[in-house]
Amino acid sequence: MKRVIRGLAAAVAGWAAVAVPAWAGTVVVRRGAPAARIYHAPLAQDAEWTGHKAFGKLTVDEMDAKSLAIAIADLNEHLLKMSGTALEVVATEDVRDVQPPAIIVGSLANRMGGAPDIPDDPSRDAFRLKAGGNLVLLGGASDFGASHAVYALLEVLGCAWVMPGPAGEVIPRRATVEIPDGDRQEAPSFAIRNLYYGGQPSPLLWQEMQMWGLRQKANIYGTRQRYGFPGGGHAWGALIRKFRKEFEADPTMMGLIRRPDGSLVRGGGQLESTHPRSIELAIEHIRDAFKSNGWSNDAAVCLGMGPNDGGSLSLSPETVNAGVPRINYD
């Protein structure tokens, strides 16, 4: 992560730690009793978990709002486990409603001076943690960025998540919770930050994995890509489905595969990558992606164009002659 840190004490490996006076901070819990409130602007999504498939169907803006709602609830859950008390949460658009001491999250924090100031942030993942004057501002270039600020704050308080699930939670116990003054902002050095999660895990394991990704400031596996496309990726199946009528009308657009009896037939789920019309459809797919995402013609993005998983790659003379060692035919 690209980072700017000014005077924010840290107790986590990988942070630049700066000593601050013990009295310089915002007390949010005092001797087991709430001493502050959490404020945020109203969100279009709530913190309810509806399953990883439903999460994956959200638009980017919906996913961002859902992520921030979950992070705010998680912040309060951590404060409860840490000190024995949670804080009142106030949803408001009006900065005049904020009464210090307070933790302010998201767009409301941005309007109060907590917006990150990092220009090189194409994925809109930047966050800022700015604390002082009994105000703790957790801002972000998006709601998703602001969720990163929530977990940056919990890291300052000594929390860590060494693996998914409750067994991986590290939450220190303290009756008084004080957030040190300081100013830290970061943006990711690369946009794609997640782990492949296969093997048909249970709904609970999915929830724990996606929660762990959110806590690690990662992209949440199985959700829509927030910026660009992952490099590589299987695309031929999507092309075949998108232009199904054309592939069904012209079988020569499908790969030539060998049956167990030795005969050659068209089919198998992989397209014929050297067929002129397959190439034209791939170009049309790329143009559609630029149009639907609103990208300029010179936008720097990466679109997957790889074959499907498994075999059935074409054995046609055209494909074989286009293959290694001259070029990789896909």
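Student: Please set out the overall build of the protein chain residue by residue, giving values where relevant.
Tutor: When you go through the protein chain residue by residue, the secondary structure sums to 9 helices and 14 strands. For the protein chain, the residues scored as buried account for 43% of the 330 residues in total. Summarising the internal contacts of the protein chain: among those between residues at least 6 apart in sequence, 68% fall at separations of at least 24. Of the accessible surface of the protein chain, which amounts to about 16500 Å², a share of 55% is contributed by carbon and sulfur atoms.

Student: Lay out the environment of Phe290 in plain terms, naming residues and giving numbers.
Tutor: Relative to the assigned elements, Phe290 resides in helix 8 (residues 276-293). Sequence separation between Phe290 and Val301 is 11 residues, and the spatial gap between their C-alpha atoms is 9.2 Å. Sequence-distant contacts of Phe290, that is, excluding residues within four places in its chain, are made with Trp295, Ser296, Asn297, Ala299, Val301 and Leu303.

Student: If you had to explain helix 8 to someone new, which residues and values would you point to?
Tutor: Between its terminal C-alpha atoms helix 8 stretches 26 Å, which fits the 26 Å expected from 18 residues at 1.5 Å a residue. Taken as a whole, helix 8 has its buried residues at Ser278, Leu281, Ala282, Ala289 and Phe290. Taken together, the buried residues of helix 8 touch helix 6 (236-242), helix 7 (244-249) and strand 14 (264-271). Residue Gly294 follows helix 8 closely and has a positive phi angle near 70 degrees.

Student: I'd like to hear about the nonpolar core, residue by residue, with values.
Tutor: Within soluble globular proteins, side chains that are nonpolar generally end up buried alongside one another. Core analysis: the largest hydrophobic core is formed by 42 residues, its most contacted members being Ile103 and Leu138. With 9 residues, helix 4 (residues 143-156) is the largest single contributor of residues to this core. Leaving out residues up to four positions away in the same chain, Ile103 has contacts with Val28, Arg37, Ile38, Tyr39, Leu75, Leu87, Val136, Leu138, Leu153 and Ile179.

Student: Outline the packing of aromatic side chains, supporting the account with residue identities and numerical values.
Tutor: Inspection of every chain in the model, using the stated rule, returns 3 aromatic pairs. Ring geometry for Trp49 against Phe55: centres 5.9 Å apart, planes inclined by 25 degrees, an arrangement best described as stacked. For Phe55, a relative accessible area of 4% gives the class buried. Aromatic side chains Tyr151 and Trp161 sit 5.6 Å apart centroid to centroid with 90 degrees between the ring planes, which places their arrangement in the edge-to-face category. A residue pair is termed long-range when its members are at least 10 positions apart, and Tyr151 in helix 4 and Trp161 in strand 9 (residues 160-161) qualify at 10 residues.

Student: Tell me about the pattern of salt bridges, and name the residues and values.
Tutor: This structure, assessed with the given rule, holds 15 salt bridges. Residue Lys66 pairs with Asp46 through a salt bridge whose shortest N-O separation is 3.0 Å. Of the two residues, Lys66 sits in helix 2 (residues 60-83) while Asp46 sits in the loop between strand 4 (37-40) and helix 1 (52-56), which places them 20 residues apart along the sequence. For Lys66, a relative accessible area of 4% puts it in the buried group. Owing to a relative accessible area of 42%, Asp46 belongs among the partly exposed residues under this scheme.

Student: Account for unusual backbone geometry, with residues named and values stated.
Tutor: Omega for the peptide link from Pro100 to Pro101 comes to -5 degrees, which places this bond in the cis form. Note on placement: Pro101 falls in the loop between strand 5 (88-91) and strand 6 (102-105). Of note in this structure, Arg124 is not a glycine but carries a positive phi near 55 degrees. Take Arg124: it is sitting in the loop between helix 3 (107-114) and strand 7 (127-132). Owing to a relative accessible area of 39%, Arg124 belongs among the partly exposed residues under this scheme. The phi angle at Asn134 is positive, at roughly 65 degrees, despite the residue not being glycine. Mapped onto the fold, Asn134 is located in the loop between strand 7 and strand 8 (135-140). Using a relative accessible area of 35% as the deciding quantity, one classes Asn134 as partly exposed.

Student: An account of a nonpolar patch on the surface is requested, with residue identities and associated values reported.
Tutor: Taken together, the side chains of Val162, Met163 and Val170 present a nonpolar region at the surface, about 260 Å² in accessible area. Relative to the elements of secondary structure, Val162 occurs in the loop between strand 9 and strand 10 (169-170).

Student: Summarise the packing of helix 2 against helix 4; cite the residues concerned and give the values.
Tutor: For any two helices packed against each other, the geometry is given by the interaxial angle and the distance between the axes. Two elements in contact, helix 2 and helix 4, have axes whose closest approach is 7 Å; the angle formed by their N-to-C orientations is 15 degrees. Between helix 2 and helix 4, the angle is such that the two are roughly parallel. Helix-helix and strand crossings are classified by hand; for helix 2 and helix 4 the assignment is left-handed. Note on element contacts: helix 4 touches helix 2 through Asp143, Phe144, Ala146, Ser147, Val150, Tyr151, Leu153 and Leu154, opposite Met63, Asp64, Ala65, Ser67, Leu68, Ile70, Ala71, Asp74, Leu75 and His78. Its residues assigned to classes, the contact of helix 2 with helix 4 comprises 12 nonpolar, 3 polar and 3 charged.

So, how was this worked out
Residues numbered from 1 in each chain as written. Predicted model: local features only at pLDDT ≥ 70, side-chain atom pairs only at ≥ 80, totals over all residues. Heavy atoms only, no water. Helix = DSSP H or I, 4+ residues; strand = E, 2+ residues; numbered from the N terminus. Buried < 20%, exposed > 50% of the residue type's maximum accessible area, 1.4 Å probe, protein only. Contact = heavy atoms within 4.5 Å. Areas by Shrake-Rupley, 256 points an atom, 1.4 Å probe, with all protein chains shown as cover. Expected span 1.5 Å × (residues − 1). Core = buried A, V, L, I, M, F, W, Y, C linked by side-chain atoms within 4.5 Å. Phe/Tyr/Trp six-rings, centres within 6.5 Å; stacked < 30°, edge-to-face > 60°. Salt bridge = Lys/Arg side-chain N within 4 Å of Asp/Glu carboxyl O. Patch = residues over 30% accessible without salt bridge, like charges linked within 9 Å, V, L, I, M, F, W, Y side chains within 5 Å. Axes fitted to C-alpha atoms, helices over the stretch in contact; angles between N-to-C directions. Parallel < 35°, antiparallel > 145°, perpendicular 65-115°, else oblique. Left-handed = near helix turned anticlockwise from the far one by under 90°. Nonpolar A, V, L, I, M, F, W, Y, C, P; charged D, E, K, R; others polar.

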